[in-house]
Amino acid sequence: MSQATRFIFVTTELSIDYRTCPLCEATCGLEVSHRNEEVVRIRGDRDDVFSHGFICPKGSTLGKLDKDPDRLRAPLIKRDGRHVAATWDEAFALIEEKLTPLIAEDGPNVVGVYLGNPNVHSMSGSLYGRAFLKMLRTRSIFSAATVDQMPKHLTSGYMFGHPDLIPVPDLDRTDYLLMLGANPHESNGSLATAPDWPGRMEAISARGGKVVVVDPRLTKSARAADEHVPIRPGTDPLFLFALANVMFGEGLISLGRLDDHVEGLDQVAAAVEAFTPESIEPATGVPAATTQRIARELAGADTAAIYGRIGTHTAEFGTLASWMTDVLNVITGNLDNPGGAMFPKAAHEQRRSRRRFETGRWTTRVNGRHEVRGELAVSELANEILEPGEGRIKAMVTIAGNPVLSTPDSDRLDEALRSLEFMVAVDIYLNETTRHADVILPGTTPLRRPHYDFAFYQLSVRNIANYSPALYELEDGSLDEWQVLLRLGATLTGQGSDPDVDTIDDAVFAMTVGSAVADASSPLHGRNPEEIFSATDGARGPDRMLDFLLRTGPYGEGYGADPDGMSLSKLREAPHGIDLGPLRPRFPDDLCTPSGKVELAREELLADVERLHALMARETNGQLTLIGRRDVRSNNSWMHNVDVLVKGRERCTLQINPEDADRIGLDPGGNAKVSSSAGTVVAPVEVTDEIMTGVVSLPHGWGHDMDGSQMSIAASRAGVNSNRLSTGAMDPLSGNAVLNGIPVEVVPA
Ligand code: SF4
């Protein structure tokens with residue numbers, strides 16, 4: 001595949017361009033001043049329709065990421081245990097030679113695929129990751145979703161009929177925000193896209209509302225809230241059940257505008273009956289009077305939103321916590337109601353059919369864990385590779401992921417990846433995971449690709465659309481990530497290692513158009529596919545696909561049906577984005593359940609409540625439990641090679657309460673040895689009364705001291721990998737990893 005030589009026209013003039021930051025879920029607008037492919041300054045775009053100038057420290061580092069000398073710019077092949085530069089043709093030829101016989105012999109499931117979090121922050125990853133999986137047809141699919149968010153997909157599937165119909169707190173209009181296990185002052189928000197969460201939270205209090213944060217730590221968000229309720233790790237579902245218990249017991253239930261569109265209320269009332277505020281107090285540490293008061297406040301508020309995130313989902317009862325969060329939104333009359341928990345309508349959203357949401361269409365080989373949303377639990381990945389027997393995963397493809405640092409029981413996964421017969425990685429770094437790859441195909445950096453947030457405009461607290469063209473062309477000899485993914489898919493499916501990628505892309509697009517014109521619910525039903533094909537903006541690749549999705553979306557121009565409607569060219573004319581307005585009620589019309597109602601009480605959820613009773617009676621016996629934490633300068637594992645984000649005080653510390661530190665004999669600044677049933681790490685001690693007694697905290701994404709990786713700045717501030725302590729335990733319904741509430745022993749090191 002040949003690449004045209006690229007010229008950079010040298011100029012002394014400063015250019016200013018606007019783009020959406022793709023690094024986290026907040027989707028901030030950036031103003032990028034640059035000259036000759038050098039970023040001079042990045043600051044918040046004050047005219048951005050959503051972020052209005054807000055930016056965090058990560059957003060200003062996109063230029064550093066692009067210039068990082070450690071970033072991969074050419075494929076690498078492992079020879080004699082060392083990675084050496086190779087051409088694209090050499091890399092794909094080796095992949096073809098090693099992987100196609102394996103697939104021919106054992107079938108596609110022999111190849112496991114891990115999709116890391118950055119995939120949902122890129123158009124190529126969002127659109128062509130899916131195309132790659134369809135081509136490969138493997139069922140051995142794993143992703144970051146079972147690290148931290150599968151409970152929410154699962155309960156949305158059960159209650160609303162589609163796993164991506166996720167309610168978000170209507171931050172800008174709510175009177176009362178109850179937030180559990182979330183720290184948006186550091187994370188910038190998750191499964192609820194809102195630039196400047198801190199400002200939006202402050203505005204709730206300023207307009208006379210109230211923000212309550214439930215968390216084992218006095219986080220930055222908890223400090224900024226009107227009230228902080230400390231709670232023992234992993235016990236959030238007990239607290240949520242008890243809130244519902246009070247509401248049912250005191251006759252505080254009001255379904256509001258959804259009154260005729262909810263079923264299963266009686267079953268929920270029965271399910272929460274045993275969880276009184278008094279009965280959950282010993283396990284949660286939350287006084288019964290506090291639970292009762294908060295239940296009454298929620299029920300009495302004009303509008304309220306209950307929002308739970310990482311801390312509630314990465315726990316043993318993640319699905320029950322997610323379920324009861326949305327049950328509370330329903331029974332307080334706040335679901336799908338302005339000021340409550342609402343459903344965004346993205347410009348690219350396509351119509352969804354009504355059908356019963358099911359899981360378990362296939363299972364893991366070793367422990368029979370069921371798939372959810374087409375994915376297997378990543379906590380089972382090491383078993384699926386290491387345990388002998390028919391159907392074993394013998395090869396892996398990782399795309400923009402570093403599961404050795406970011407998924408549970410890291411030491412075992414590290415061992416598993418080392419044992420593979422072949423591994424391919426698509427990544428911008430030679431990191432702790434990709435060092436195991438036989439071939440690494442370099443990804444595309446954010447400034448060199450167009451951007452539109454497919455994932456996060458579906459989770460946004462306002463309806464927004466914003467498109468950023470690539471700021472710079474690809475570097476000489478580079479392939480765009482979508483080209484890499486299509487070529488990889490073609491190579492693995494016997495189409496040769498140097499296929500015509502444009503032809504494959506045309507075929508992928510033709511299939512998308514074909515299924516739309518054949519779908520009776522599509523605005524294109526019955527139209528001539530050729531006419532659609534030739535009318536679509538953008539030569540090919542993600543831009544063409546985006547244009548199609550915008551034109552056929554809910555605000556779309558429908559290929560001539562509404563000339564003022566949405567299209568890619570319309571977005572191109574709006575560099576600061578288009579505000580499509582506040583969230584609007586969508587139910588019952590857009591409910592996807594077979595009943596056409598909110599189904600509160602799926603039998604799978606009710607059956608799991610039995611397990612929760614045991615949690616009430618569980619004794620801690622004075623054992624410390626480990627929780628994670630976020631830092632605004634960190635982005636899981638992959639921004640640690642940017643110097644300005646890791647310099648300064650040590651952030652990978654073990655936080656411990658003074659009382660526990662005294663008892664154990666730990667000194668601030670000393671080291672602690674932390675052990676779980678999975679492993680041991682040694683971390684610097686940070687004594688702080690911001691964490692409750694009985695709980696210790698380590699951030700995740702660190703541990704950059706492994707041989708064979710090539711991230712020099714990260715290695716100089718390596719930190720320790722908290723996932724060496726996570727055990728592989730999971731929430732059985734969703735398969736989500738248990739990363740919070742891990743029993744640990746802590747001693748001076
Ligand atoms: S908050 Fe997120 S989107 Fe905004 S600048 Fe920071 S990393 Fe980028």
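Residues numbered from 1 in each chain as written. Predicted model: local features only at pLDDT ≥ 70, side-chain atom pairs only at ≥ 80, totals over all residues. Heavy atoms only, no water.

### Considering the pattern of salt bridges
Next up, step 1: Under the counting rule described, the total for this entry stands at 56 salt bridges.
Next up, step 2: Across the pair Arg43 and Glu31 runs a salt bridge whose closest N-O atoms are separated by 2.9 Å. Pair noted here: Arg43 is in strand S3 (residues 38-44) and Glu31 is in strand S2 (residues 29-35), with a separation of 12 residues, a long-range link.
Next up, step 3: Owing to a relative accessible area of 8%, Glu31 belongs among the buried residues under this scheme.
Next up, step 4: Between Glu421 and Arg392 there is a salt bridge whose closest N-O contact spans 3.8 Å. You can see Glu421 sitting in the loop between helix H17 (410-419) and strand S16 (422-427) and its partner Arg392 sitting in the loop between helix H15 (381-386) and strand S15 (395-399), a full 29 residues away along the chain. (Salt bridge = Lys/Arg side-chain N within 4 Å of Asp/Glu carboxyl O. Helix = DSSP H or I, 4+ residues; strand = E, 2+ residues; numbered from the N terminus. Buried < 20%, exposed > 50% of the residue type's maximum accessible area, 1.4 Å probe, protein only.)

### Section: the sheet that holds strand S13 (residues 305-308)
Next up, step 1: Reading across the sheet, the four strands line up as S11-S10-S9-S13 and stay open at both edges, with parallel pairing between neighbours. Both edges of this open sheet fall to strand S11 (227-229) and S13, since each of them pairs with a single strand only. Between one strand axis and the next, the sheet turns by 15 degrees as a mean value, whatever way the strands run.
Next up, step 2: Judged from the four bridges that link them, strand S9 (residues 176-180) and S13 form a sheet pairing that is parallel. (Pairing = 2+ DSSP bridges. Axes fitted to C-alpha atoms, helices over the stretch in contact; angles between N-to-C directions.)

### Some remarks on unusual backbone geometry
Next up, step 1: With an omega of 5 degrees, the peptide bond running from Phe587 to Pro588 counts as cis.
Next up, step 2: Structurally, Pro588 is set in the loop between strand S19 (578-582) and strand S20 (598-599).
Next up, step 3: Positive phi, normally seen in glycine, also occurs at Tyr559, with a value near 50 degrees.
Next up, step 4: Inspection of the secondary structure assignment puts Tyr559 in the loop between helix H21 (541-551) and helix H22 (568-572).

### Quick notes on the nonpolar core
Next up, step 1: Ranked by size, the top nonpolar core spans 95 residues in total, and within it Ile95, Phe132, Leu177, Leu441, Tyr452 and Leu488 carry the most contacts.
Next up, step 2: Setting aside chain neighbours within four positions, we find Leu441 in contact with Pro75, Trp88, Ala91, Phe92, Ile95, Val424, Ala425, Val426, Asp427, Val484 and Leu488.
Next up, step 3: With 65 residues, the next largest nonpolar core counts Leu243, Phe357, Cys592 and Val609 among its residues. (Core = buried A, V, L, I, M, F, W, Y, C linked by side-chain atoms within 4.5 Å. Contact = heavy atoms within 4.5 Å.)

### Some thoughts on the side chain of Thr552
Next up, step 1: Here Thr552 shows up in the loop between H21 and H22.
Next up, step 2: A relative accessible area of 6% means that Thr552 is categorised as buried.
Next up, step 3: Within the local environment of Thr552, its side chain forms a polar contact with the backbone oxygen of Phe548, the two atoms lying 2.7 Å apart.
Next up, step 4: A polar contact of 3.5 Å, which involves the side chain of Thr552, links it to the backbone oxygen of Leu549.
Next up, step 5: Not counting residues up to four positions away in its chain, the partners in contact with Thr552 are Gln350, Pro523, Leu524 and Tyr559. (Polar contact = N/O pair within 3.5 Å; in protein donor to acceptor, adjacent residues only side chain to side chain.)

### Regarding H17
Since the α-helix turns once every 3.6 residues, residues separated by three or four places project in the same direction.
Next up, step 1: Along H17, the residues that are buried comprise Ser410, Leu413, Asp414, Ala416 and Leu417. For H17, the buried positions fall inside an angular range of 160 degrees around the axis, keeping them on one side. (Arc of directions from axis to C-beta.)

### Focus: the layout of surface pockets
Next up, step 1: Here the second largest pocket defines a volume of roughly 670 Å³.
Next up, step 2: If you go around the second largest pocket, you meet 27 residues; those closest to its centre are Pro233, Arg618, Thr620, Thr625 and Gly741.
Next up, step 3: Mapped by element, the contributors of at least two residues to the lining of the second largest pocket are helix H11 (277-284), helix H25 (658-664) and strand S26 (742-748).
Next up, step 4: For the lining of the second largest pocket, the residue count by class is 10 nonpolar, 11 polar and six charged. (1 Å grid on protein atoms, 1.4 Å probe; cavity = no way out; pocket = protein on both sides within 12 Å on 5 of 7 lines; lining within 4 Å. Points joined across faces, edges and corners; volume = space filled by probe spheres on them. Nonpolar A, V, L, I, M, F, W, Y, C, P; charged D, E, K, R; others polar.)

### Quick notes on the pairing of strand S24 (residues 680-687)
Next up, step 1: As defined by bridge partners, strand S22 (residues 654-656) adjoins S24 across three bridges and the pair is classed as parallel. Within the sheet, the bridge partner assigned to Leu654 lies in S24 and is Val685.
Next up, step 2: Inspection of the sheet shows strand S23 (residues 671-675) paired to S24 by five bridges, in the antiparallel sense. Each bridged residue has a counterpart across the sheet, and for Ser675 the counterpart in S24 is Thr680.

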